[in-house]
Amino acid sequence: MTASPTPTTAEELRGAGLRVTAARVALLETVRAGDHLGVESIASGVRHRVGHISLQAVYEALHALTAAGLVRRIEPAGHPARYEGRVGDNHHHIVCRSCGAVVDVDCAVGDAPCLAASDDRGFAIDEAEVVYWGTCPDCSTGRSS
Ligand SMILES: [Zn+2]
Ligand SMILES: [Zn+2]
């Protein structure tokens, strides 16, 4: 909770040491407006904002923004990667085994690593990757396929 004025998306890119392009601004805005979007959805959101952009360029921009810490990549096993703009709070995800829906769940502890290893084996551990797997309400009440 900071009271400082909110920087523009372009300022955030610059602050992260990234070159500012219309496509990167559109991409960051698309990811933030969305809810754990896949690459195809992000590409169509970016195209909606700035016109044509190749899927390859979307991948490259996502890679740069993820490396800069502006975007978080989630890759549930067996499902395509998703991207989100909620970064730095060590929140976790619940993934539906059936339809692949992804929802946020706040970290019970708040900072990483929130699970203490029983034996760190001499490693300096800075993160525990927690994914909860289950069946979403739609899939558990709805139709069985
Ligand atoms: Zn589901
Ligand atoms: Zn999330």
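So, a few notes on the structure that sits alongside this text. As the structure is a computational prediction, the values presented were derived from the model and not from experiment.

1. Regarding the overall build of the protein chain
In step 1: From N to C terminus, the protein chain includes five helices and six strands.
In step 2: Walking the protein chain from its N terminus toward its C terminus, one meets helices and strands in the order α-α-β-α-α-β-β-β-β-β-α.
In step 3: Taking the principal axes of the C-alpha coordinates as reference, the protein chain spans close to 45 × 45 × 30 Å.
In step 4: Counting every position in the protein chain, which comprises 145 residues, the buried fraction comes to 32%.
In step 5: Considering only contacts within the protein chain whose residues lie at least 6 apart along the sequence, 39% involve residues at least 24 apart.

2. Concerning the sheet that holds strand β6 (residues 131-134)
In step 1: Taken in spatial order, the three strands line up as β5-β4-β6 in an open sheet, and their pairing is mixed. A single partner strand is all that each edge strand has here, and the edge strands are β5 (102-105) and β6. Taken pair by pair, the neighbouring strands of this sheet meet at an average axis angle of 25°, ignoring direction.

3. Re the coordination of the zinc ion (ligand 1)
In step 1: Looking at the zinc ion (ligand 1), the protein donor atoms are Cys96 (SG), Cys99 (SG), Cys136 (SG) and Cys139 (SG), and they sit 2.2 to 2.3 Å from it.
In step 2: Positions of the donor residues of the zinc ion (ligand 1) along the chain correspond to the pattern C-x2-C-x36-C-x2-C. Taken together, the residues Cys96 in strand β4 (residues 92-96) and Cys136 in the loop between β6 and α5 (137-141) connect sequence positions 40 residues apart.
In step 3: Judged by its relative accessible area of 2%, Cys96 is buried.

What counts and what doesn't
- Residues numbered from 1 in each chain as written.
- Chains lettered and ligands numbered in written order.
- Predicted model: local features only at pLDDT ≥ 70, side-chain atom pairs only at ≥ 80, totals over all residues.
- Heavy atoms only, no water.
- Helix = DSSP H or I, 4+ residues; strand = E, 2+ residues; numbered from the N terminus.
- Buried < 20%, exposed > 50% of the residue type's maximum accessible area, 1.4 Å probe, protein only.
- Contact = heavy atoms within 4.5 Å.
- Pairing = 2+ DSSP bridges.
- Axes fitted to C-alpha atoms, helices over the stretch in contact; angles between N-to-C directions.
- Donors = N, O, S within 2.8 Å, 3.2 Å for Na, K, Ca; no water.

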